[in-house]
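Here is how the chains run, residue by residue.
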Protein chains: 2
Amino acid sequence: MRVGELSKRSGVPVPTIKYYLREGLLPAGVLTSPNQAHYDDEHLRRLRLVRALVDVGGLSIASVREVLTAIDTRDESLHSKLGAVQEAISQPSAVELDPLAIEDVQGFFRRQGETECADVTESNVTHMLAAALTVARSVGHDHFRDLLDPYLEGLKIIAQADLEYIAGRGSRDDVIEAMVVGTLIGDTVIKAVRRLAHAQVSRKVIGDGSDS
Amino acid sequence: MRVGELSKRSGVPVPTIKYYLREGLLPAGVLTSPNQAHYDDEHLRRLRLVRALVDVGGLSIASVREVLTAIDTRDESLHSKLGAVQEAISQPSAVELDPLAIEDVQGFFRRQGETECADVTESNVTHMLAAALTVARSVGHDHFRDLLDPYLEGLKIIAQADLEYIAGRGSRDDVIEAMVVGTLIGDTVIKAVRRLAHAQVSRKVIGDGSDS
């Protein structure tokens with residue numbers, strides 16, 4: 001298909017597609033004449049993925065590039081690829097970490113038998129966690145750390161479902177794309193469903209009629 | 001304390017404090033002379049809450065105002081206040097909803113015996129959920145909806161921990177503040193801990209050594 005049809009089928013304006021091509025987020029089409037290129041379904045698929053990363057994930061172009069690099073690297077186990085993708089889509093926080101919050105994270109990792117992340121500032125993911133606990137502490141919620149263990153317990157149920165979902169995809173490319181999409185879209189879905197879970201549990205615990 | 005000390009103790013620059021005062025996010029101090037006001041610990045506390053909403057929640061000034069209104073409204077049950085706060089901190093999405101994604105959400109609610117949200121576009125929370133499923137569908141993940149039920153199962157464990165945490169706070173003001181902080185900071189913590197849960201479960205399921 002030509003760029004116009006690629007635009008029509010993806011809903012992405014032509015100038016944006018050209019921008020992605022220049023930024024290397026989308027591989028070049030096959031030239032059919034000096035100023036006309038041909039694109040196929042793989043381009044369409046990659047374009048939709050880039051849009052999902054930008055629109056749902058709110059990722060910067062640089063982060064999208066990192067994610068695509070992680071996806072396209074062939075010589076990695078799926079486990080380490082999942083780790084690389086998750087690093088790429090986690091934005092490092094600008095918050096200056098409270099040393100006590102760093103200790104909270106380290107204590108949590110020790111309890112969980114995680115030895116990989118001794119330095120929490122080395123990973124975007126653990127940095128994000130320490131930053132959230134830093135803010136919690138700054139508003140007087142030092143004990144927010146006590147929620148980490150039950151959170152992990154609930155999130156393991158979710159991770160199990162995620163991995164079954166991912167494993168059910170056909171090809172290896174599908175699996176990897178499902179990881180990225182599942183992680184990003186999953187974050188938003190979790191946010192929304194968490195509200196419903198709160199409503200259901202609070203109706204049971206607090207009741208919805210009278211003031212407590 | 002004077003505005004300079006309020007700034008020092010909160011880490012918020014004086015011009016920002018004055019902006020919050022003008023926007024009504026922070027109640028005025030008590031005037032001790034025509035151009036000098038006195039602030040107390042309640043101001044400090046509210047200021048830190050506003051910062052948490054802006055910094056961690058990424059909320060706009062308008063959303064912060066909505067959250068504070070929900071917090072300050074006296075004549076509501078805790079259950080409905082929790083609902084109002086969660087609406088206020090959920091950003092409506094600009095995505096045009098796919099009717100099939102709306103059906104996915106409605107089917108999920110029916111299975112869960114939820115009858116309150118017949119029109120998913122009426123609530124920011126359900127709109128966010130339908131928007132995420134719309135994007136999932138656009139990248140070929142129609143079956144992402146199958147994850148909603150296991151997600152809710154895991155999130156109920158988390159909600160239970162959240163509500164116990166909230167109930168453990170002393171005064172009613174503390175409880176309400178804990179809801180807001182817990183929901184927002186919790187979203188970020190969940191994002192980070194979900195990565196750890198993925199790592200733990202994928203090590204078990206996929207293995208971390210060889211390529212699958």
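Predicted model, so just to flag it, every value in this text is computed and none were measured.

### Quick look at the relation of the copies chain B and chain A
For these two chains of identical sequence, chain B goes onto chain A by a turn of 180° and a shift of 0.0 Å along the axis, with RMSD 0.1 Å. Such a combination of turn and shift is consistent with a two-fold rotation axis. Using C-alpha coordinates, one finds that chain B approaches the rotation axis most closely at Gly154 of chain B, a distance of 2.1 Å. Counting the interface residues of chain B, we find that 100% of their copies in chain A are interface residues as well, pointing to one common contact surface.

### Structural notes on the layout of surface pockets
Approximately 1200 Å³ is the volume found for the largest pocket. Considering the residues around the largest pocket, the lining is formed by 43 residues, among which Val56, Gly57, Thr188 and Lys191 of chain A together with Lys191 of chain B are closest to the centre. Mapped onto the lining of the largest pocket, the elements with two or more residues apiece are α7 (124-138) and α9 (172-205) of chain A together with α7 (124-138) and α9 (172-205) of chain B. Examining the composition of the lining of the largest pocket, we find that six residues originate from one element, α9 of chain B, more than from any other. Taken together, the residues that form the lining of the largest pocket break down as 24 nonpolar, 12 polar and seven charged.

### Considerations on the environment of Asp40 of chain A
All names here are of chain A. Inspection of the secondary structure assignment puts Asp40 in the loop between β2 (36-38) and α3 (41-55). Look at Asp40 and you get partly exposed, because its relative accessible area is 38%. Considered as a pair, Asp40 and Gln86 are 46 residues apart in the sequence and their alpha carbons are 28 Å apart.

### Description of the packing of aromatic side chains
Under the criterion given, the structure shown has eight aromatic pairs over all chains. Consider the rings of Tyr19 of chain B and Tyr20 of chain B, whose centres lie 6.1 Å apart with planes at 40°: the pair is tilted. Under the relative-accessibility criterion, Tyr19 of chain B is labelled partly exposed at 30%. Through a chain of ring-to-ring contacts, three or more aromatic side chains come together here, namely Phe144 and Tyr151 of chain A together with Tyr165 of chain B.

### Notes on the nonpolar core
Counting residues in hydrophobic clusters, the biggest one holds 139 residues, and the most contacted among them are Leu53, Val67, Phe144 and Val189 of chain A together with Leu53, Phe144 and Val189 of chain B. Among all residues touching Leu53 of chain A, those that are not within four sequence positions of it are Gly58, Leu59, Val64, Val67, Leu68, Val180 and Leu184 of chain A.

### Describing the UniProt feature "domain: HTH merR-type" (unreviewed entry) in chain A
Look at the UniProt record and you will see "domain: HTH merR-type" (unreviewed entry) annotated at residues 1-70 of chain A. Secondary structure content for residues 1-70 of chain A is 60% helix and 10% strand, while the C-alpha to C-alpha distance between its ends is 27 Å.

### Comments concerning the interface of chain B and chain A
Counting residues at the interface gives 81 residues for chain B, matched by 81 residues for chain A. In this assembly, chain B packs against chain A so that about 7700 Å² is buried in total across both faces, 69% of it on carbon and sulfur atoms. It is His79, Arg194 and Arg195 of chain B that lose the most area in chain B upon contact with chain A, and together they represent 9% of the buried surface on that side. On the surface where chain B and chain A come into contact, there are 19 residue pairs in polar contact (both at pLDDT 80 or more). Looking at the side of chain B that touches chain A, the elements with two or more residues in it are α3 (41-55), α5 (78-89), α6 (99-111), α7, α8 (148-167) and α9 of chain B. The leading source of residues in the side of chain B that touches chain A is α9 of chain B, at 26 residues.

### Side note on the packing of α3 of chain B against helix α4 (residues 61-72) of chain B
All names here are of chain B. Running from N to C, α3 and α4 point in directions that differ by 135°, and their axes come no closer than 10 Å. By the angle class used here, α3 and α4 are oblique. As α3 runs across α4, the sense of the crossing is right-handed. On α4, the residues that touch Arg46, Leu49, Val50, Leu53 and Val54 of α3 are Val64, Val67, Leu68, Ile71 and Asp72.

### Digging into the pairing of strand β1 (residues 30-33) of chain A
Within a regular beta strand, the side chains point alternately toward one face of the sheet and then the other, so they alternate between its two faces. Bridge count between β1 of chain A and β2 of chain A: three bridges; the pairing is antiparallel. Note that in β2 of chain A the partner of Leu31 of chain A across the bridge is Ala37 of chain A.

The rules we used
- Residues numbered from 1 in each chain as written.
- Chains lettered and ligands numbered in written order.
- Predicted model: local features only at pLDDT ≥ 70, side-chain atom pairs only at ≥ 80, totals over all residues.
- Heavy atoms only, no water.
- Least-squares fit on C-alpha atoms with pLDDT ≥ 70 in both.
- Contact = heavy atoms within 4.5 Å.
- 1 Å grid on protein atoms, 1.4 Å probe; cavity = no way out; pocket = protein on both sides within 12 Å on 5 of 7 lines; lining within 4 Å.
- Points joined across faces, edges and corners; volume = space filled by probe spheres on them.
- Helix = DSSP H or I, 4+ residues; strand = E, 2+ residues; numbered from the N terminus.
- Nonpolar A, V, L, I, M, F, W, Y, C, P; charged D, E, K, R; others polar.
- Buried < 20%, exposed > 50% of the residue type's maximum accessible area, 1.4 Å probe, protein only.
- Phe/Tyr/Trp six-rings, centres within 6.5 Å; stacked < 30°, edge-to-face > 60°.
- Core = buried A, V, L, I, M, F, W, Y, C linked by side-chain atoms within 4.5 Å.
- UniProt positions renumbered as here; feature names shortened; annotations may be inferred.
- Buried area = accessible area lost by both parts, 1.4 Å probe.
- Polar contact = N/O pair within 3.5 Å; in protein donor to acceptor, adjacent residues only side chain to side chain.
- Axes fitted to C-alpha atoms, helices over the stretch in contact; angles between N-to-C directions.
- Parallel < 35°, antiparallel > 145°, perpendicular 65-115°, else oblique.
- Left-handed = near helix turned anticlockwise from the far one by under 90°.
- Pairing = 2+ DSSP bridges.

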